[in-house]
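So the chains spell out like this:
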Amino acid sequence: MSKSKIGVLIINLGTPDSPSVADVRKYLREFLMDRRVIDIPWWRRFLLINLIIAPFRAPQSAKAYHELWKPQGSPLKIIGQELERVLGQALGENYQVKLAMRYQSPSINSVVTCFKDKGFKELIVIPLYPQYASSSSGSTIEEVMGAIKGWEVIPNIKLISQFFDHPLFIKSWIEKGQKYMAQERFDHYLFSYHGLPERHILKSSCDNYCRLGDCCWAYSRKNQYCYRAQCFETTRLLVKALGIKKEDHTVCFQSRLGKTPWIKPYTDEVIKQLAGRGIKKVLTFSPAFVADCLETTVEIGIEYKKLFLDHGGEGWQLVESLNTHPAWVECLKQLVLGG
């Protein structure tokens, strides 16, 4: 291998090795024991996860993974491996692209170890989370740096910590959404993002500015690493390009865990409110996810659809994640090349 090659590491959250209860429990333990995910003292986190969350949540999550699972394995991993392949083709022979997962396999440590003796002049790291959060992008970058810190020769390292406003990322979602908007008329458009505990937002770099509530609506230099502000800005860019009116769309947050306050509004509550207002047809985007997974296919595509229909709705359509959409692959290429 040429010493001039550049290594590209694309990293997604992770997936159990199988939909069995044992493998799901193993995955949940690794994921939730991350101090950036559940930010409480270690001993409390250990007891909470091993005595309460993993034992009781694993069987329920395993059922959901069974609905999601493909004959070839986890969709998140299948899509990631295909993205690794097509991005490698797009970049050409001077780049080596590898997929890793923050939790489970292929682990960051195993992939970075493979990179160690390649003699790369540069390593480019792209956590596949459009909006920055300490529990996702931050945790992933920390893990990568921990795996690299013992190398005798550390090459130039380029970290891509967010890309929610990249024109090609926005274009990818526009093209995905326009396909459905051309086929049918929708009464409302929902933009559902993965939720976070409110305390995570308050601990971020926006600090007191966020406490004022302004960052929800106005992304700026003051709050450039506020996850919630980035979600609202992502939506603003999308609705402007798609021609969606302010009164015809809602931003909301899904997948909350536990009883502490999470960022609002909650997607499940918004769905019931929309149905109660007489909204009949909804098109739903999930711009925090770049690959279809449990949170999109099952939570939004099945569970939230049922919730909407049960409360009087008539039509529910999920816009699939970007997966290997050509504009999304080009977006990643431009991020690697510095564009």
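Source: prediction; values computed, not measured.

Caption draft 1: Here's a closer look at empty space enclosed by the protein. Across all of its chains, the model carries one cavity of 30 Å³ or more by this definition. Taken as a whole, the largest cavity encloses approximately 50 Å³ of empty space. Along the walls of the largest cavity sit Asn12, Leu76, Ile79, Gly80, Leu83, Leu99, Met101, Leu128, Val290, Ala291 and Trp328, which together make up its complete lining. At the level of elements, α3 (75-91) and β2 (95-103) are the ones that each hand at least two residues to the lining of the largest cavity. If you tally residues by element for the lining of the largest cavity, the top one is α3, at four residues.

Caption draft 2: Geometry of the side chain of Gln131. Within the element layout of this structure, Gln131 appears in the loop between β3 (122-127) and α5 (134-148). There is a polar contact of 3.4 Å between the side chain of Gln131 and the backbone oxygen of Pro287. Dropping the residues within four chain positions of it, Gln131 is found in contact with Ser136, Ser137, Phe164, Tyr193, Tyr227, Gln230, Cys231, Thr234, Pro287 and Ala288.

Caption draft 3: Structural detail: the sheet that holds strand β6 (residues 249-254). The strand order across the open sheet formed by four strands is β6-β5-β7-β8, and the pairing between neighbours is parallel. Both outer strands of the open sheet, β6 and β8 (315-318), are each paired with one neighbouring strand and no more. For this sheet the average axis-to-axis angle between neighbouring strands, irrespective of direction, equals 25 degrees. As paired strands, strand β7 (residues 281-285) and β8 are joined by four bridges and run parallel to one another.

Caption draft 4: Up close: a nonpolar patch on the surface. Taken together, the side chains of Trp42, Trp43, Phe46, Leu47, Leu51, Ile52 and Phe56 make up a nonpolar region of the molecular surface, amounting to roughly 830 Å² of accessible area. Within the secondary structure, Phe46 sits in helix α2 (residues 42-68).

Caption draft 5: Layout of the pairing of strand β5 (residues 188-194). A large share of β5 lies buried, amounting to six of its seven residues. Relative to β7, β5 runs parallel, the two being bridged by four bridges. Considered in β7, the bridge of Phe191 is made with Phe285. Here β5 pairs with β6 via six bridges, running parallel. Paired with Tyr189 across the strands is His249, a residue of β6.

Definitions and cut-offs
Residues numbered from 1 in each chain as written. Predicted model: local features only at pLDDT ≥ 70, side-chain atom pairs only at ≥ 80, totals over all residues. Heavy atoms only, no water. 1 Å grid on protein atoms, 1.4 Å probe; cavity = no way out; pocket = protein on both sides within 12 Å on 5 of 7 lines; lining within 4 Å. Points joined across faces, edges and corners; volume = space filled by probe spheres on them. Helix = DSSP H or I, 4+ residues; strand = E, 2+ residues; numbered from the N terminus. Polar contact = N/O pair within 3.5 Å; in protein donor to acceptor, adjacent residues only side chain to side chain. Contact = heavy atoms within 4.5 Å. Pairing = 2+ DSSP bridges. Axes fitted to C-alpha atoms, helices over the stretch in contact; angles between N-to-C directions. Patch = residues over 30% accessible without salt bridge, like charges linked within 9 Å, V, L, I, M, F, W, Y side chains within 5 Å. Areas by Shrake-Rupley, 256 points an atom, 1.4 Å probe, with all protein chains shown as cover. Salt bridge = Lys/Arg side-chain N within 4 Å of Asp/Glu carboxyl O. Buried < 20%, exposed > 50% of the residue type's maximum accessible area, 1.4 Å probe, protein only.

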